[in-house]
Amino acid sequence: MKIVVAAVQMSSELLDVPANLQRADDLLRLAHDAGVELAVLPELFNTGYSLCPDFGPYSETAEGPTLAHLRQRSRQWRMAIAAGYVEREGRHLYDALAFCSPDGDVQVYRKRNLVFWERFRFHPGRAPLVAVTPWGRVGFAICADMIYRKVWTDYRGRIDMAIVSAAWPDFADRDSGRGHWLLGHVGALSGAIPAKVAMDLGVPVVFANQCGETRTTIPVLGTQIRDRFAGQSSICDGRHGEPVRAGKEPRLLIAPVTLHHQRGMISWRSTSPSGPAASCSASALS
């Protein structure tokens, strides 16, 4: 089965949710007009990604403005939408990825592998998420999740497509392009890992990364880079051809992908160990 997918590479204004939601909405409309059936937005697209802010006031439940808007668009345009945001449950905040389906259902994956300062802001997710869709089974990861073998081991043989949402930095000076002496090689991995996963698992991978300016603090060393996000969003069609990639600037990436599922999939439902999909919880409660 072939479907048309989109990876939305965009920059986000820090903590300006209305502006970021409008920017994303404009790009999603273009995706819809191009016949896209699944669109993926970056990690924390609505708040922006940064070390400094208190995300608490901008966190949302399933009834929050961001998910309410995306649910409405998904139903209206008959287009599935995956989007990163800050989820609130009780006293915990999660770096989360919502998957909105055209029937109004929302399922949420929580980032399991927190890095650097994230450990002080967010609670880690505990479980993978496999969403069953009319085109096949979809697995999810957020940014640094994709460098951990266990993430993909959990999904091997269980998914027909993977979605990765990220705010992956370049680890390089935004003006000179000079990479950090220790971590300068890491930025390029955002362009390499999705294709490797697609080849290894034999499934399409849709990778949406942020772009634009940021600042990156190197742990332990305490040094700060006037960084930018790495961009390099990609659509990798498993073993069916070369990936389609963006550069470092804003880009709406659109391409067809091929899914081979072994069982008929006729409804939207979750196979994660969470409660009902409509509850928007994809990981075990802490």
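Residues numbered from 1 in each chain as written. Predicted model: local features only at pLDDT ≥ 70, side-chain atom pairs only at ≥ 80, totals over all residues. Heavy atoms only, no water.

**Quick look at the confidence of the model for the protein**
- On average, residues of the protein carry a pLDDT of 88, and 87% of them reach 70 or more.
- Confidence drops under pLDDT 50 across residues 272–286; counting only partners more than four residues distant or on other chains, this segment forms 40 contacts. (pLDDT = per-residue confidence, 0-100. Contact = heavy atoms within 4.5 Å.)

**Side note on the pairing of strand β12 (residues 234–237)**
- Side chains Ser-234 and Cys-236 of β12 all project onto a buried face; the interleaved residues Ile-235 and Asp-237 project onto the opposite face, where all are buried too.
- Sheet analysis places strand β9 (residues 204–209) next to β12, joined by four bridges and oriented antiparallel. When the bridges of β12 are listed, Val-206 appears paired with Ile-235.
- In the sheet, β12 pairs with strand β13 (residues 244–245) via two bridges, with the strands oriented antiparallel. Residue Ser-234 lies in a different strand from β13, and its bridge partner there is Arg-245.
- The hairpin formed by β12 and β13 contains six residues between the paired strands, and Gly-238 there has a positive phi angle of roughly 55°. (Buried < 20%, exposed > 50% of the residue type's maximum accessible area, 1.4 Å probe, protein only. Helix = DSSP H or I, 4+ residues; strand = E, 2+ residues; numbered from the N terminus. Pairing = 2+ DSSP bridges.)

**A short note on the layout of surface pockets**
- Taken as a whole, the largest pocket spans an internal volume of roughly 380 Å³.
- Around the largest pocket, the lining is made up of 23 residues, and of these Val-115, Phe-116, Pro-169, Phe-171 and Val-186 lie nearest the centre.
- Within this model, the second largest pocket holds a volume of roughly 250 Å³. (1 Å grid on protein atoms, 1.4 Å probe; cavity = no way out; pocket = protein on both sides within 12 Å on 5 of 7 lines; lining within 4 Å. Points joined across faces, edges and corners; volume = space filled by probe spheres on them.)

**Some points on the nonpolar core**
- Among the nonpolar cores identified, the biggest contains 50 residues, and Leu-38, Phe-99, Trp-135, Phe-140, Trp-152, Met-161 and Ile-163 are the most heavily contacted of them.
- If we skip the residues at most four places from it in the chain, Met-161 touches Ile-3, Leu-38, Trp-135, Arg-137, Val-138, Gly-139, Val-203, Pro-204, Val-206, Val-257 and Leu-259.
- In terms of nonpolar packing, the next biggest core, distinct from the first, is built from 24 residues, Leu-21, Val-36, Leu-41 and Met-79 among them. (Core = buried A, V, L, I, M, F, W, Y, C linked by side-chain atoms within 4.5 Å.)

**Overview of unusual backbone geometry**
- In this structure, Leu-15 takes a positive phi of about 65° despite not being glycine.
- Relative to the elements of secondary structure, Leu-15 occurs in the loop between β1 (2–9) and α1 (17–33).
- Under the relative-accessibility criterion, Leu-15 is labelled partly exposed at 23%.
- A positive phi angle, near 45°, is found at Cys-143, a position not held by glycine.
- With respect to the secondary-structure elements, Cys-143 resides in the loop between β7 (136–142) and α4 (149–155).

**A short note on the packing of α1 against helix α2 (residues 65–77)**
- Direction vectors running N to C along α1 and α2 enclose 15°, while the axes themselves pass 12 Å from each other. Taken together, the axes of α1 and α2 lie roughly parallel to each other. Handedness of the crossing formed by α1 with α2: right-handed. Contacts between α1 and α2 involve Val-17, Leu-21, Asp-25, Leu-28, Arg-29 and His-32 from the former and Pro-65, Thr-66, His-69, Leu-70, Arg-73 and Trp-77 from the latter.
- Residue classes in the contact of α1 with α2 are distributed as six nonpolar, three polar and three charged. (Axes fitted to C-alpha atoms, helices over the stretch in contact; angles between N-to-C directions. Parallel < 35°, antiparallel > 145°, perpendicular 65-115°, else oblique. Left-handed = near helix turned anticlockwise from the far one by under 90°. Nonpolar A, V, L, I, M, F, W, Y, C, P; charged D, E, K, R; others polar.)

**A look at the sheet that holds strand β4 (residues 92–100)**
- The strand order across the open sheet built from six strands is β5-β4-β3-β2-β1-β14, with neighbouring strands paired in mixed fashion. The strands lining the two open edges of the sheet, one partner per strand, are β5 (106–110) and β14 (251–258). Each adjacent strand pair in this sheet contributes to an overall mean axis angle of 30°, direction not counted.
- Pairing geometry for β1 and β14, over eight bridges, is antiparallel. When the bridges of β14 are listed, Ile-3 appears paired with Val-257.
- Along the sheet, α1 contacts β1, β2 (38–40), β3 (80–89) and β14; its crossing angle with β14, the most-contacted strand, is approximately 40°.

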